[in-house]
Amino acid sequence: IIRGVTLIDGTGAPPIGPTDIVIKQNRIVSIQTVGYPGVAINAEKRPKLEPGGKELDCEGMYVMPGFIDMHGHIGGGQAPKAEYVFKLWMGHGITTIRDPSAGNGLDWVLDQKQKSAKNLITAPRILAYTSFGQGSKEPISTPEQAIAWVVENKNKGADGIKFFGASPSVMEA
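Anyway, here's the lowdown on the structure attached to this text.

Check the secondary structure of the protein and you find four helices and nine strands. Relative to its length of 173 residues, the protein is extended, with a C-alpha radius of gyration of 21 Å against a globular reference of 16 Å. C-alpha extents for the protein along the principal axes are approximately 65 × 30 × 30 Å. For the protein, the residues scored as buried account for 31% of the 173 residues in total. Long-range contacts, defined as pairs at least 24 residues apart, comprise 60% of the intrachain contacts of the protein with a sequence gap of at least 6. Carbon together with sulfur atoms contributes 57% to the accessible area of the protein, which is approximately 11100 Å² in total. Charge-centre separation for the protein: the mean point of 18 positive side chains lies 4 Å from the mean point of 17 negative side chains.

What follows is the structure, encoded as structure tokens:
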């Protein structure tokens, strides 16, 4: 539970709080207003901490929605290392990234995505996109090849595709 924090909800509404924000399995499950600026927090309004839970005392601090970087190349094999890039994003409030072309390979990006989802690494949520045709043994020039490639990428776990262009029939497929 994040205790006593002032909430900026991202809708353009004024900040509210202090609030207690309950998080379970990496998701916000409730937000409870526990007071008003300049007024003591009402302990009776506070959500109860479950056994094994943790509390963060954030009175006087602010919380707001995480940012999404829709074009975030992770890096990895060269400097900077992925761990550094992930922590830099997190430190700047970026909680979700879309790797637009799986530059380290789809399998590598999917591995990092899975580790992030399980909180095994400190990293934003990752959406893995492949460049159209990436990994294909030959250039994709027919609608049938395009459909087969898209299905294969979906089955591998890719979240989407970055297109650089193709013939109209291939793009339509």
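Moving on, there is more to tell.
This part is about the sheet that holds strand β8 (residues 125-131). Spatial strand order, β6-β7-β8-β9: four strands in an open sheet with parallel pairing. A single partner strand is all that each edge strand has here, and the edge strands are β6 (67-69) and β9 (160-162). Ignoring strand direction, the axes of neighbouring strands in this sheet form an average angle of 30°. Set on the sheet, helix α2 (residues 106-117) makes contact with β7 (94-99) and β8; between it and β8 the angle comes to about 165°.

Glancing now at the pattern of salt bridges. Under the counting rule described, the total for this entry stands at eight salt bridges. The salt bridge partner of E83 is K87, with a shortest N-O separation of 3.0 Å. In this pair, E83 and K87 are both assigned in helix α1 (residues 82-91), four residues apart and thus about one turn of the helix distant. On the accessibility criterion, E83 (53% relative accessible area) is exposed. Residues D159 and K113 are paired through a salt bridge, measuring 2.8 Å at the closest nitrogen-oxygen approach. With D159 in the loop between α3 (143-156) and β9 and K113 in helix α2, this residue pair connects regions lying 46 residues apart in the sequence.

As enumerated under the stated definition, the model contains three aromatic pairs in all. Centroid distance F86 to W89: 6.3 Å. Interplanar angle 35°. Geometry classified as tilted. Of this pair, F86 and W89 both sit in helix α1, separated by three residues, roughly a single helical turn. What makes F86 buried here is its relative accessible area of 2%. Exposure remark for W89: the relative accessible area of 11% places this residue in the buried category. For the pair F132 and W149, a centre-to-centre distance of 5.3 Å together with 75° between the ring planes defines the contact as edge-to-face.

Calculation notes
Residues numbered from 1 in each chain as written. Predicted model: local features only at pLDDT ≥ 70, side-chain atom pairs only at ≥ 80, totals over all residues. Heavy atoms only, no water. Helix = DSSP H or I, 4+ residues; strand = E, 2+ residues; numbered from the N terminus. Rg over C-alpha atoms; globule rule 2.2 N^0.38 Å. Buried < 20%, exposed > 50% of the residue type's maximum accessible area, 1.4 Å probe, protein only. Contact = heavy atoms within 4.5 Å. Areas by Shrake-Rupley, 256 points an atom, 1.4 Å probe, with all protein chains shown as cover. Lys, Arg positive; Asp, Glu negative; His and termini not counted. Charge placed at Lys NZ, Arg CZ, Asp CG, Glu CD. Pairing = 2+ DSSP bridges. Axes fitted to C-alpha atoms, helices over the stretch in contact; angles between N-to-C directions. Salt bridge = Lys/Arg side-chain N within 4 Å of Asp/Glu carboxyl O. Phe/Tyr/Trp six-rings, centres within 6.5 Å; stacked < 30°, edge-to-face > 60°.

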